[in-house]
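So the chains spell out like this:
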Amino acid sequence: MPTPSSESGECATPVGALPPHPPLLSYSRTGIHREVYVQGLFEEVAPEYERMEGFMALGSGSRYRKQALLRAGLAPGDTVLDVGTGTGLLAREALALAGPQGCVLGVDPSPGMLNEVREPRLQLLRGSAEALPLPDASCDFLSMGYALRHLRDVHAAFAEFYRVLCPGGRLLLLEITRPTSLWGRLLLRGHLRVVVPLLGRFAGCSQASKELWHYYHETIEACVPPPVILEALRASGFLDVQRHVEFRCLSEYMARRPGRTDHPKSLPAQEE
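Residues numbered from 1 in each chain as written. Predicted model: local features only at pLDDT ≥ 70, side-chain atom pairs only at ≥ 80, totals over all residues. Heavy atoms only, no water.

(A) Representation of the packing of helix 3 (residues 49-57) against helix 9 (residues 207-222). In contact at an axis separation of 11 Å, helix 3 and helix 9 are set at 50 degrees when each is read in the N-to-C sense. The angle between helix 3 and helix 9 falls in the class oblique. Between helix 3 and helix 9 lies a crossing whose hand is right-handed. Every residue of helix 9 that contacts helix 3 at Tyr49, Met52, Glu53 and Met56 is listed here: Ser209, Leu212, Trp213 and Tyr216. Here the residues of the contact of helix 3 with helix 9 are counted per class, giving six nonpolar, one polar and one charged. (Axes fitted to C-alpha atoms, helices over the stretch in contact; angles between N-to-C directions. Helix = DSSP H or I, 4+ residues; strand = E, 2+ residues; numbered from the N terminus. Parallel < 35°, antiparallel > 145°, perpendicular 65-115°, else oblique. Left-handed = near helix turned anticlockwise from the far one by under 90°. Contact = heavy atoms within 4.5 Å. Nonpolar A, V, L, I, M, F, W, Y, C, P; charged D, E, K, R; others polar.)

What follows is the structure, encoded as structure tokens:
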């Protein structure tokens, strides 16, 4: 497999598409194309998404997102691209860390989610992870919060992430990973399929919100495992690829596009 040249900035080109998970019952039984199904869900729940996310995170979401961005190396003055920005939850934390000299852009395929962004300093663009509407080497830091499971092709998305990052630019992908223990899997299932929808019902949220969290759980259960994601990042040319885990199921995938002084050979993946 070809590796990138730090002088030319060319990215390794993995062979074949890598879906984040196989077809799932929740959308395959409807006969609706996966992308249409997922975008329809997000469009419908957009006005209540942040309320439901608060139930899912039990109030810890903002603090955790900020800590993850710091661990990944986001610095004041950075130009940040937040992919799958949704209502801007992760992008807002990036704005606070990048400071007045920084800039944060949010990209998402859902007009409904983008319409719910309430942070005027965010620059919003409609687009997908596999075809980012930005020029080459245009950002210092790229983030994506809990959207890897909704991608069409992991390899294509990672190639785009490499393309838009400047040499030496950093990457952070937040994701919920299937717990390794049976008790952990049961707890996560109960939280996403019972507790969160129940809290949502009491808060007046729609039936579509319940369907979304069921879909979330299905995608977490079926998502490609962490070693596959780490290897896909390496195959796309990233260096310093690693995974940090919090609360036993929150994965932080971190990596760096090679700088001009890096040796072109990728380093081995690491996992904490």
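(B) Inspection of the nonpolar core at higher detail. Tyr49, Leu69, Leu74, Leu172 and Trp213 are the most contacted members of the largest nonpolar core, which has 45 residues in total. Among the elements that take part in this core, helix 5 (residues 89-98) stands out by supplying seven residues, more than any other. Among residues more than four places away in sequence, those in contact with leucine 69 are Leu74, Leu90, Glu93, Ala94, Leu97, Phe141, Ser143 and Leu172. Of all hydrophobic cores here, the second largest spans 33 residues; its members include Met144, Leu165, Ile229 and Val241. (Core = buried A, V, L, I, M, F, W, Y, C linked by side-chain atoms within 4.5 Å. Buried < 20%, exposed > 50% of the residue type's maximum accessible area, 1.4 Å probe, protein only.)

(C) How the structure looks around the environment of methionine 144. By the element assignment, methionine 144 lies in strand 4 (residues 139-145). Excluding its chain neighbours within four sequence positions, the residues that come into contact with methionine 144 are Asp82, Val83, Leu90, Leu151, Phe161, Leu172, Leu173 and Leu174.

(D) How the structure looks around the state of the cysteines. Scanning the entire structure with this criterion turns up zero disulfides. Of all cysteine sulfurs, the one in cysteine 139 lies closest to cysteine 166, which takes part in no disulfide; the gap is 6.3 Å. (Disulfide = S-S within 2.5 Å.)

(E) Summary view of the pattern of salt bridges. Under the counting rule described, the total for this entry stands at 16 salt bridges. A salt bridge links glutamate 246 to arginine 71; the nearest nitrogen and oxygen atoms lie 3.9 Å apart. Here arginine 71 lies in helix 4 (residues 61-71) and glutamate 246 lies in strand 6 (residues 239-246), a separation of 175 residues in the sequence. Since its relative accessible area comes to 22%, glutamate 246 is described here as partly exposed. For glutamate 119, the salt bridge identified is with arginine 121, shortest N-O distance 3.0 Å. Judged by relative accessible area, glutamate 119 falls into the buried class, the value being 16%. Connected through salt bridges with shared partners, the residues Glu35, Glu130 and Arg152 form a single ionic network. (Salt bridge = Lys/Arg side-chain N within 4 Å of Asp/Glu carboxyl O.)

(F) Main features of the pairing of strand 2 (residues 103-108). Burial analysis of strand 2 places five of its six residues in the buried class, the great majority of the element. Here five bridges tie strand 1 (residues 79-83) to strand 2, and the two strands are oriented parallel to one another. Within the sheet, the bridge partner assigned to aspartate 82 lies in strand 2 and is glycine 106. For the crossover from strand 1 across helix 5 to strand 2, the handedness is right-handed. One ladder, built from four bridges, connects strand 2 with strand 3 (residues 123-126); its direction is parallel. Each bridged residue has a counterpart across the sheet, and for glycine 106 the counterpart in strand 3 is leucine 124. (Pairing = 2+ DSSP bridges. Right-handed = clockwise from strand over helix to strand, strands pointing away.)

(G) Representation of a nonpolar patch on the surface in the model. A surface patch of nonpolar side chains, about 380 Å² in accessible area, is lined by Leu182, Trp183 and Leu186. In this structure, leucine 186 sits in helix 8 (residues 182-202). (Patch = residues over 30% accessible without salt bridge, like charges linked within 9 Å, V, L, I, M, F, W, Y side chains within 5 Å. Areas by Shrake-Rupley, 256 points an atom, 1.4 Å probe, with all protein chains shown as cover.)

(H) Just helix 2 (residues 34-45), in detail. Taking 1.5 Å as the rise per residue, helix 2 with twelve residues should run 16 Å; its terminal C-alpha atoms sit 17 Å apart, in good agreement. Of all the positions in helix 2, only Arg34, Tyr37, Val38, Leu41, Phe42 and Val45 are classed as buried. Summarising the axial view, the buried residues of helix 2 lie within an arc of 125 degrees, below the 170-degree limit, and thus occupy one face. Along helix 2, the residues that are exposed and aim more than 90 degrees away from the buried face are Val36 and Glu44. (Expected span 1.5 Å × (residues − 1). Arc of directions from axis to C-beta.)

(I) Representation of the packing of aromatic side chains. Applying the stated criterion to the full structure yields seven aromatic pairs. Ring centres 5.4 Å apart and planes at 75 degrees place the aromatic pair tyrosine 162 and phenylalanine 238 in the edge-to-face group. A residue pair is termed long-range when its members are at least 10 positions apart, and tyrosine 162 in helix 7 (residues 154-164) and phenylalanine 238 in the loop between helix 10 (226-235) and strand 6 qualify at 76 residues. Of the residues examined, tyrosine 162 reaches a relative accessible area of 1% and is grouped as buried. Phenylalanine 238 gets classed as buried once you look at its relative accessible area, which sits at 0%. In this arrangement the basic side chain of arginine 149 is found over the ring face of tyrosine 216, its NZ or CZ atom lying 4.8 Å from the centre. One Lys or Arg, arginine 201, reaches over the ring of phenylalanine 202 and ends 5.7 Å from the middle of that ring. (Phe/Tyr/Trp six-rings, centres within 6.5 Å; stacked < 30°, edge-to-face > 60°. Lys NZ or Arg CZ within 6 Å of the ring centre and 35° of its normal.)

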